Amino acid sequence: MKKCRLAQATVESLTVCPFSAVFWVVVCWLLPSVACPQTIIPLDGKNKLGSVSSTEKPDRYTQADTLCYQRWVGKAYIALQKDSFPQAKSFFEKALQAAPRMQSNVEILFELGQLEERENRFDKAMEYYTRSLHKNPRYVKSLMRRGGMYLLLKDFKRAVDDFSSVLYVEAHHMDALFFRGCAYARCGWVDQAEADFSAILQLAPLDPRTHFSLALLDLQRHRPYDAWVRMNGLVSRCPNDSRYYATRADAAEAMDSIVLAYRDWNSAILLSLNDISLLERYVDFLLRQGDKEKALEVVGQAERTGAGTAWIDLMRNRIRQSRKR
């Protein structure tokens, strides 16, 4: 599966900007499920669309109009199943033209939004989700999708609004709670973020992304020991996840337990030798410890394994600047 271009930005160091790490959580968990344009378009609305038009008021459309609408919708979903996305979009648009006031158009507009996301036309996708919500302001799938896009576009207050609307409809919607918590954190509303994450743990006590997010909030609040304890639990349950070792290393460094931090950084890098954002954080850690020789060694290893020239130059310049201080 190809990754969304929005996920390619380098993640800032947690120590420099703790909230940037919360955005990393968003990128890790949000893109595959909410806003990645290369994911396979779900067909969960197919059965609903095939039958819901029969519930429309009989005086609104003739039988011929309804049959024409259903025919275009059916063709659109067949095209989706064949990955013929431009054709599916054309058929959906023809269905909208055949019966523009059909209530089930809320689902068609949602599908069109996802098709636009596949092509990285995010403004157009947002427009379709908004049109869908004009027809049904409580349509959860469009609210989640649009809220996810607001998160990735860093429009956090609007993201909060959309996820709050989802929670008004489904009070225990775990994804809405999680992503609203991330949006709260990015707005600096740490208490509200912690409340949302804690609510998730009432429903799913071992949810890893939520424990990870709470650990980041602990670091933001200068509670490194609490973060370190929480990350211990995550590492024990998920021993092959480099992010968890790196975050535990951040907590250990904040506690001045540098030996523990080195140990966890070594584990993180061994698990993700080609993760540029992780290597950059590791180099920054080494520079904070005054270990410039090791930092140069890490950059040299990254160069040998194919890291880009621009990144290599950036890191070597950072190390040179560190030597001047």
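Coordinates for the structure precede this section.
Residues numbered from 1 in each chain as written. Predicted model: local features only at pLDDT ≥ 70, side-chain atom pairs only at ≥ 80, totals over all residues. Heavy atoms only, no water.

A. Here's a closer look at the side chain of Thr210. As for its position among the elements, Thr210 is in helix 11 (residues 208-220). Under the relative-accessibility criterion, Thr210 is labelled buried at 0%. For Thr210, the residues in contact, after removing those within four places along its chain, are Phe178, Phe197, Ile200 and Leu201. (Helix = DSSP H or I, 4+ residues; strand = E, 2+ residues; numbered from the N terminus. Buried < 20%, exposed > 50% of the residue type's maximum accessible area, 1.4 Å probe, protein only. Contact = heavy atoms within 4.5 Å.)

B. Seen up close, the environment of Val283. Looking at the element boundaries, Val283 is found in helix 15 (residues 276-288). Expressed as a C-alpha distance, the spacing of Val283 and Arg316, which sit 33 residues apart in the sequence, is 10.0 Å. The contact partners of Val283, leaving out residues within four places of it in the chain, are Ala295, Val298, Val299, Met315 and Ile319.

C. Just the packing of helix 9 (residues 174-187) against helix 10 (residues 190-203), in detail. Viewed as axis vectors pointing N to C, helix 9 and helix 10 meet at an angle of 160°, and their least axial separation amounts to 7 Å. As judged from the angle between their axes, helix 9 and helix 10 are roughly antiparallel. The element helix 9 and its partner helix 10 pack so that their crossing is left-handed. Residue-level inspection shows Met174, Leu177, Phe178, Arg180, Gly181, Cys182, Tyr184 and Ala185 of helix 9 in contact with helix 10, the latter providing Gln192, Ala193, Asp196, Phe197, Ala199, Ile200 and Leu203. (Axes fitted to C-alpha atoms, helices over the stretch in contact; angles between N-to-C directions. Parallel < 35°, antiparallel > 145°, perpendicular 65-115°, else oblique. Left-handed = near helix turned anticlockwise from the far one by under 90°.)

D. The packing of aromatic side chains, seen in detail. Applying the stated rule across the entire model yields 14 aromatic pairs. Between Tyr184 and Trp189, the ring centres sit 5.8 Å apart and the planes meet at 55°, which makes this aromatic pair tilted. Given a relative accessible area of 12%, Tyr184 falls into the buried group. Where Tyr262 meets Phe285, the ring centres are 5.1 Å apart and the plane angle is 70°; that geometry is what we call edge-to-face. Here Tyr262 is found in helix 14 (residues 258-271), whereas its partner Phe285 is found in helix 15, with 23 residues between them in sequence. Under the relative-accessibility criterion, Tyr262 is labelled partly exposed at 23%. One aromatic cluster in this structure is built from Phe163, Phe178, Phe179 and Phe197. (Phe/Tyr/Trp six-rings, centres within 6.5 Å; stacked < 30°, edge-to-face > 60°.)

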